[in-house]
Each structure stands twice: as structure tokens, then as C-alpha cells.
Amino acid sequence: MSLSRDEAREIAAIALMLTMGLRLLAGVFQVVEEAQRSHDWRSLLGRFLAPVGSTLGILALALALLLVLSPPGSISMRSTRFSTNLVGFIAFLGGVSVVNGLTTESASWSSSLSFVLINGLAAATLAGAAWWILTNFDAGR
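Residues numbered from 1 in each chain as written. Predicted model: local features only at pLDDT ≥ 70, side-chain atom pairs only at ≥ 80, totals over all residues. Heavy atoms only, no water.

**Details of a nonpolar patch on the surface**
To keep things clear, this is the line we draw: Candidate patch residues must exceed 30% relative accessible area and have no salt bridge, after which like charges are joined if within 9 Å and Val, Leu, Ile, Met, Phe, Trp or Tyr side chains if within 5 Å. In these tables, accessible area is a Shrake-Rupley quantity obtained with a 1.4 Å probe, and a residue counts as shielded only by the protein chains included in the view. Any carboxyl oxygen of Asp or Glu that lies within 4 Å of a side-chain nitrogen of Lys or Arg is treated as forming a salt bridge with it. To qualify as a helix, a DSSP run of H or I must reach at least 4 residues; to qualify as a strand, a run of E must reach at least 2; elements of each kind are numbered from the N terminus. Exposure is judged per residue with a 1.4 Å probe applied to protein chains only, and the accessible area is read against the type maximum: over 50% gives exposed, under 20% gives buried, and values in between give partly exposed.
Taken together, the side chains of Leu 22, Leu 25, Val 28, Phe 29 and Val 32 define a hydrophobic patch exposed on the protein surface, amounting to about 450 Å² of accessible area. Its location among the elements puts Leu 22 in helix H1 (residues 5-35). A residue is classified by how much of its surface remains accessible, and Leu 22, at 56% relative accessible area, is exposed.

Next comes the structure, spelled out in C-alpha cells:
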């Protein structure tokens, strides 16, 4: 069985989307595990946002670049629309992670800031750039 370049690009895009979904699903399972113990809403939110970090942002940006650097029509419009929504959601979660990380009580403000810079802000920046690229891309230029 042989694979064309267009099929390979579509498979790669789907694999990136699935990987991002699996990372988000890991957060859901962490919430379920946390909910079985004593918990509060802040701990549940923190567990849900735990997988939101630079890796998720890099995956989002890689997906956006794969889509815009592919020849027109080589990746389905459904995949492109879903990708735009997915990276926008990840950028939103990155922003929520930043707010949550800065408002959560921790040992010190500087440790909270460094954690937010490494995780939530990196995800928000990279996924936000991916969303901006996908929503403002002009294939005619």
C-alpha cells in the first residue's frame, strides 16, 4: 500500500489533533480521580489544566503550520475548521491556566510566576499564534 503526499498530510494533521485531544483527556481523568477524594473547585480546575503547557502549544503551532504550508485542497476543510476551533480552545485554556496559576495560593509569588510562564503562558502564546495564523491566513497571497 502506498500513500500520497496529500494523504500523509491529512494523517499527520489528524494525528496532531488526536494527540492534543489525548492530552486534554488526561486532564479530564485527573479531575475524575481528584473528585473521588476530598476536593474543592480550585483543585479540580488545577488538575484539569495540568496538561496545558508548552507541549500542547507546540502541537497546536505545528498543526497550524502543517495546514497553511500544505497546498490548497490537500487537507479537508473539515479538518481545517476543527483545527482552528481546537487551537482556539487550547489558547483559551492557556489563558485560564495563567489566571488560575497566578491566583492560586502557593509558596511564593515568584514560584507561581515561573510556573505560569513555563506552562500556561507558553500554551496560550503558541496556541494563540496558531489560532491567529489559521483565522487570518490568505491562501491567495
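**Some words on the nonpolar core**
This is how the line gets drawn: What we call a nonpolar core is a set of buried Ala, Val, Leu, Ile, Met, Phe, Trp, Tyr and Cys residues that are connected through their side-chain atoms within 4.5 Å. Two residues qualify as a contact provided that any one of their heavy atoms is within 4.5 Å of a heavy atom in the partner residue.
Counting 24 residues, the largest nonpolar core has Met 20, Leu 24, Val 52, Leu 63 and Ile 90 as the members making the most contacts within it. Elements with a minimum of two residues in this core: H1, helix H3 (54-69), helix H4 (77-103) and helix H6 (120-136). Broken down by element, the residue count for this core peaks at seven residues, all from H3. Residues contacting Leu 63, with those up to four places away along its chain left out, are Ala 13, Leu 16, Met 17, Met 20, Ser 83 and Val 87.

**Notes on the pattern of salt bridges**
Under the defined criterion, the tally for this structure stands at four salt bridges. The residue Arg 37 makes a salt bridge to Glu 33 at a minimum N-O spacing of 2.6 Å. Take Arg 37: its relative accessible area is 44%, and that puts it in the partly exposed class. Judged by its relative accessible area of 39%, Glu 33 is partly exposed. With a shortest N-O distance of 3.8 Å, Arg 37 and Glu 34 are connected by a salt bridge. Judged by relative accessible area, which is 12%, Glu 34 ranks as buried. Salt bridges sharing partners connect three or more residues here, namely Glu 33, Glu 34, Arg 37 and Arg 47.

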